[in-house]
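What follows is the residue order along each chain.
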Amino acid sequence: MTFNPWIICPQPNPQANLRLFCFPYAGGSSAIFRTWPNNLPSNVEICAVEYPGRGKQIKSAPLKRLEPFVEAIAPVLIPYLDKPFAFFGHSMGGLVSFELTRLLRSQYSLSPFHLFISARRAPQIPITKPPLHVLSDTDLLNELRSLNGTPKAVLESQELMQMFLPILRADFAVLETYIYTQKQPLECPITVFGGLQDQEVSHEALQAWREQTIAAFSLHEFNSDHFFIHSHQESLLKLISQELQMCKRSL
């Protein structure tokens, strides 16, 4: 397969019969998922999605709206959809993977066999917080400190923040300008993960994902904040593995 800067496979696995595409949170990159293949079944190939402005896409301008985002991802993904596939998205990645699933259904008649949504409220629930992407750099930095997802060393490095803030601002714009459109529920199962101490996403906002599928729905919550993807990674990957093994039997 030819090189594609959007798709990073940390451990290529030609023998795999399932692909799990992973979508990072705002400000994140494909590097979040580099160790995941070590803790997932051997028949699964991890394909991490690299957003513009970071990693192999460092020279591409970050996108600021969700619709062009998913419209850009879909065609580059198609060559990788020759095997059964699932999506996992954390926070911003949850919304991107959901809208990408809807686009693949409408334009390509394709669907993941499972959608894993992590630390993201259901799309039909409107934003209540004031937008972050319009804040000054100083105020945005203060918000980042309170969110607890950016390493202290990064926050305190002026050079790193000069690179990081425009990317993060663009990602927040993607989320904060999103307008939900009601469509038919999905036909694939949805598994949702959340953090019990997550100040951003409530239990009710996670539970509301149930409305987005006519297939099976399950919700798992960890004793953690918004970034349980790091603090409870082992438990998270165990649950994903169990679901993937069940899916494998039904494919």
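Residues numbered from 1 in each chain as written. Predicted model: local features only at pLDDT ≥ 70, side-chain atom pairs only at ≥ 80, totals over all residues. Heavy atoms only, no water.

**Some details on the overall build of the protein chain**
Phase 1 of the analysis: When its secondary structure is counted, the protein chain shows eight helices and seven strands.
Phase 2 of the analysis: Computed over the C-alpha atoms, the radius of gyration of the protein chain is 17 Å, within 12% of the 18 Å expected from 2.2 N^0.38 for a compact globule of 251 residues.
Phase 3 of the analysis: Reported as C-alpha extents along the three principal axes, the dimensions of the protein chain are approximately 50 × 40 × 35 Å.
Phase 4 of the analysis: With 251 residues in all, the protein chain has 51% of them scored as buried.
Phase 5 of the analysis: In the protein chain, the proportion of contacts linking residues at least 24 apart, taken out of those at least 6 apart, comes to 80%.
Phase 6 of the analysis: Across the protein chain, the 21 positively charged side chains and the 22 negatively charged ones have centroids separated by 5 Å. (Helix = DSSP H or I, 4+ residues; strand = E, 2+ residues; numbered from the N terminus. Rg over C-alpha atoms; globule rule 2.2 N^0.38 Å. Buried < 20%, exposed > 50% of the residue type's maximum accessible area, 1.4 Å probe, protein only. Contact = heavy atoms within 4.5 Å. Lys, Arg positive; Asp, Glu negative; His and termini not counted. Charge placed at Lys NZ, Arg CZ, Asp CG, Glu CD.)

**Things to note about the sheet that holds strand β2 (residues 18-23)**
Phase 1 of the analysis: Taken in spatial order, the seven strands of this open sheet run β1-β3-β2-β4-β5-β6-β7, and their pairing is mixed. Whereas interior strands pair on both sides, the edge strands pair on one side only; in this sheet they are β1 (7-8) and β7 (217-222).
Phase 2 of the analysis: In terms of strand pairing, β2 meets strand β4 (residues 85-90) through five bridges, oriented parallel. Opposite F21, over in β4, you have F87 as the bridge partner.
Phase 3 of the analysis: Against the sheet, helix α2 (residues 92-108) engages β2, β4 and β5 (114-118), with an angle of about 145° to β4. (Pairing = 2+ DSSP bridges. Axes fitted to C-alpha atoms, helices over the stretch in contact; angles between N-to-C directions.)

**A few points about a nonpolar patch on the surface**
Phase 1 of the analysis: A surface patch of nonpolar side chains, about 290 Å² in accessible area, is lined by I58, L160 and M163.
Phase 2 of the analysis: With respect to the helices, strands and loops of the structure, M163 is situated in helix α5 (residues 158-176). (Patch = residues over 30% accessible without salt bridge, like charges linked within 9 Å, V, L, I, M, F, W, Y side chains within 5 Å. Areas by Shrake-Rupley, 256 points an atom, 1.4 Å probe, with all protein chains shown as cover. Salt bridge = Lys/Arg side-chain N within 4 Å of Asp/Glu carboxyl O.)

**Quick look at the pairing of β4**
Phase 1 of the analysis: For β4, the buried fraction is high: six of the six residues fall into the buried class.
Phase 2 of the analysis: Along β4, one buried face is formed by F85, F87 and G89 and the opposite face, lined by A86, F88 and H90, is buried too.
Phase 3 of the analysis: Both β4 and β5 contribute to a ladder of five bridges, which runs parallel. Bridge pairing in β5 links F87 to L115.
Phase 4 of the analysis: Read from β4 through α2 to β5, the crossover connection turns out right-handed. (Right-handed = clockwise from strand over helix to strand, strands pointing away.)

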